[in-house]
Amino acid sequence: MNLSVQQKFSTYPESVAVLLNNVRDLILNVAKQDGITDITETLKWGEPSYVSKVGSTIRIDWKAKYPDQYCIYFNCKTSLIETFKEIYGDTFTYEGNRAIVFKINQVVPYKELSHCISMSLRYKKIKHLVLLGA
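Here we summarise the structure given alongside this text.

1. A closer look at the packing of aromatic side chains
Here's step 1: According to the stated counting rule, one finds seven aromatic pairs in the structure shown.
Here's step 2: On the basis of an interplanar angle of 80° and a centroid distance of 5.6 Å, the ring pair of Phe-9 and Tyr-12 is categorised as edge-to-face. Note on accessibility: Phe-9 and Tyr-12 belong to one class, buried.
Here's step 3: Each member of the aromatic cluster is reached from another via a ring pair, and the members are Tyr-70, Tyr-88, Phe-92, Tyr-94 and Phe-102.

2. Observations regarding the state of the cysteines
Here's step 1: Summed over all chains, the structure comprises zero disulfides.
Here's step 2: There is no disulfide at Cys-76, and the cysteine sulfur nearest it, in Cys-71, is 14 Å away.
Here's step 3: Not part of a disulfide, Cys-116 finds its nearest cysteine sulfur in Cys-71, a span of 14 Å.
Here's step 4: On the basis of relative accessibility, which here comes to 0%, the residue Cys-116 falls in the buried class.

3. Focus: the pattern of salt bridges
Here's step 1: Within this structure, the stated rule accounts for eight salt bridges.
Here's step 2: Salt-bridge contacts for Glu-41 lead to Arg-24; the nearest nitrogen and oxygen are separated by 2.5 Å. In this pair, Glu-41 sits in strand β1 (residues 40-44) while Arg-24 sits in helix α2 (residues 14-33), placing the two residues 17 residues apart along the sequence. Comparing Glu-41 with Arg-24, the two get one shared label, buried.
Here's step 3: Put simply, Asp-34 and Arg-122 hold a salt bridge, and the shortest N to O gap is 3.5 Å. Of the two residues, Asp-34 is situated in the loop between α2 and β1 and Arg-122 in the loop between α4 (110-121) and α5 (123-126); the sequence distance between them amounts to 88 residues.
Here's step 4: Assessed through its relative accessible area of 31%, Asp-34 is described here as partly exposed.
Here's step 5: Since its relative accessible area comes to 24%, Arg-122 is described here as partly exposed.
Here's step 6: Each of the salt bridges in this network shares a partner with another, and the network as a whole consists of Glu-47, Arg-59, Asp-61 and Lys-63.

Analysis parameters
- Each chain carries its own residue numbering, running from 1 in the written order of its sequence.
- Where totals are concerned, whole chains, interfaces and linings use all residues; where local detail is concerned, this predicted model gives features only for residues with pLDDT of at least 70, and gives and counts side-chain atom pairs only at 80 or more.
- To get the side-chain values, take all heavy atoms of the structure and skip hydrogens and water.
- Between rings of Phe, Tyr and Trp, where Trp is taken as its six-membered ring, a pair exists when centres lie within 6.5 Å; planes separated by under 30 degrees are stacked, by over 60 edge-to-face, and by other angles tilted.
- Relative accessibility decides the category of a residue: with a 1.4 Å probe and only protein chains considered, values under 20% of the type maximum give buried, values over 50% give exposed, and everything between is partly exposed.
- Disulfides are defined as cysteine sulfur pairs within 2.5 Å.
- Throughout this description, the term salt bridge denotes a Lys or Arg side-chain nitrogen within 4 Å of a carboxyl oxygen of Asp or Glu.
- Numbered from the N terminus, helices here are DSSP runs of H or I no shorter than four residues, and strands are runs of E no shorter than two.

This is the structure:
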């Protein structure tokens, strides 16, 4: 784990750090499955971020202001969230066109989330496709 990301994870409550680490693992596993070897882990806007040269940045975070939820952020200038809504409807809770929001005690739909992460990590290659090739 990137040192700055590791330090950020240490600021989260333990139960939240476990949840966000699960999402981190999912992002890295999806990248590996998609053959994306250039994924970079860093902090952007103070949030753990995952960047691929062929994709769009994914950020994850928990805010003390909203202690019962955590979010996965996507670039709001893409069609990602719009596409997720079209494909998955109310499977997820969204924050505008920038995030998927999870409650701390929620069961995460990993199969669907993996697909969303995959589309984001490959965004530059698929942005011209209808529904991002879904």
